[in-house]
Structure formats: C-alpha cells, structure tokens
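# Observations on the model geometry
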Amino acid sequence: MQMVFSNLQKRGFLDNIKMPSLREIQQRLATLPGYNSSIVGSKKWLEPPDANNYFKSYKLGGYDTTYDFAKERHVNKFWEDLKCHFSTVRTPVIVDDKFSTYGVLGVASNEGNRKVLVFDPHMHVKKTMTIEDFEEQSAKKKVPTLLNIKVM
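## A word on the overall build of the chain
The secondary structure content of the chain amounts to 5 helices and 6 strands. Within the chain, the proportion of its 152 residues that are buried is 42%. Look at the contacts in the chain between residues 6 or more apart in sequence, and 51% of them connect residues 24 or more apart. Summing over all exposed atoms, the chain offers an accessible surface of approximately 8900 Å²; the carbon and sulfur share of this is 54%.

See below:
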C-alpha cells in the first residue's frame, strides 16, 4: 500500500498528505464502514480489498477483478487489463493469489513473450515473471488458479 501511496504522491494526487505508517493506515481503515478499532496495532495482514478501501477514502479508489487462470480468456484478459492500466493509470497493481499479496509494477512484451514485473516482498526471484510463470506458480500450489487484482 505504501508503494502505491508513494506513486500517487509523486504524481501529485496526494500532495499534502505524508506517507502513512502501518499504524496510520490501520487507524484510517478503523474509521471506515466494515472495520473497527481492533485492527489498529494488530498484526492482521492487510489484503487488496483493504488497500482499495483505504484509497477510496481519499477518493482514489480502483477496481476489483478476479481472473481464473484455468481459462485462457482470463489469462488474455489479465494481460490486456495490465497493458491498459500501465499505459494509462501507471500505478502499481496489488495482486492476491490467495496465498500471498504482491505488486505488479509493469508489463512488457517482445515477439509474443509477455513479461510481468513483480515486486513480492515474500520471495526473491532471479527473473522477470511471465504469464506462464503465474500459471505454473498456481499449479504448484494445487489450488484453483485465481488471482484477485486490485487496481488503484
């Protein structure tokens, strides 16, 4: 969330607001419908819906989309949506694959090879992830291959 916040700040959308700490993010969420004060100071992981609600509280809400990577049309839609997002809005995209949350920072393609630049604070990867890498990663986890995308 702080990465998206920083991006929006640098682009002039949050000029007069300082970078919030985790506690300050929790405090703002606690004032919103569906949350209570028990979130403040907790170790509860903030999920993409929380990020969406947080940014909506600044009138900067995004949208929420679910993709099923078992369906090729969803893989293609995911790619097209990311391409569109990074050619227009250009903020990081928060992705939740039901196991961890990470950021997509950009996309590129070359000769049909689609690349997704991922920031994942949970792991270190030595290469750019492709759409196929997302599918393979989901297959290894032996769960439905769904990604929830929160675009800010």
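## Some points on the nonpolar core
Core analysis: the biggest nonpolar cluster contains 16 residues, and Leu29, Tyr54 and Phe55 have the highest contact counts within it. Every element with two or more residues in this core is listed here: α1 (2-10), α2 (22-30) and α3 (48-56). In this structure Leu29 touches Tyr35, Ile39, Leu46, Asp50, Asn53 and Tyr54, once residues within four positions along its chain are discounted. Tyr67, Phe78, Leu82 and Phe86 belong to the second-largest nonpolar core, a separate cluster that totals 13 residues.

## Section: a nonpolar patch on the surface
Taken together, Met3, Leu105, Leu117 and Phe119 make up a surface patch of nonpolar side chains, about 320 Å² in accessible area. Position of Phe119 relative to the elements: it lies in strand β4 (residues 113-119).

## Concerning the environment of Leu32
Along the chain, Leu32 falls in the loop between α2 and α3. Distance from Leu32 to Asn53, taken between C-alpha atoms, is 8.0 Å for residues 21 residues apart in sequence. Setting aside residues up to four positions removed in sequence, Leu32 forms contacts with Asn53, Tyr54 and Ser57.

What counts as what
Numbering of residues begins from 1 in every chain and follows the order in which that chain's sequence is written. Whole-chain, interface and lining totals are the exception, using all residues; otherwise, since this is a predicted model, local features are given only for residues with pLDDT of at least 70 and side-chain atom pairs are given and counted only at 80 or more. Neither water nor hydrogens contribute to the side-chain values; these are computed over all heavy atoms in the structure. The helix and strand labels rest on DSSP assignments: H or I over at least four residues marks a helix, E over at least two residues marks a strand, and numbering proceeds from the N terminus. Burial classes follow relative accessibility: with a 1.4 Å probe on protein chains only, a residue under 20% of its type's maximum area counts as buried, one over 50% as exposed, and anything between as partly exposed. Residue contacts are defined here by distance: any two heavy atoms, one from each residue, within 4.5 Å place the two residues in contact. Per-residue accessibility takes into account occlusion by the displayed protein chains alone, with areas from the Shrake-Rupley method and a 1.4 Å probe. Definition of nonpolar core: a set of buried residues of the types Ala, Val, Leu, Ile, Met, Phe, Trp, Tyr and Cys, connected through side-chain atoms within 4.5 Å. Patch construction takes residues with relative accessible area above 30% that form no salt bridge. Like charges are linked within 9 Å, and nonpolar side chains (Val, Leu, Ile, Met, Phe, Trp, Tyr) are linked within 5 Å. Counted as salt bridges are all cases of a side-chain nitrogen of Lys or Arg within 4 Å of a carboxyl oxygen of Asp or Glu.

By themselves, these are just geometric observations and shouldn't be taken as functional.
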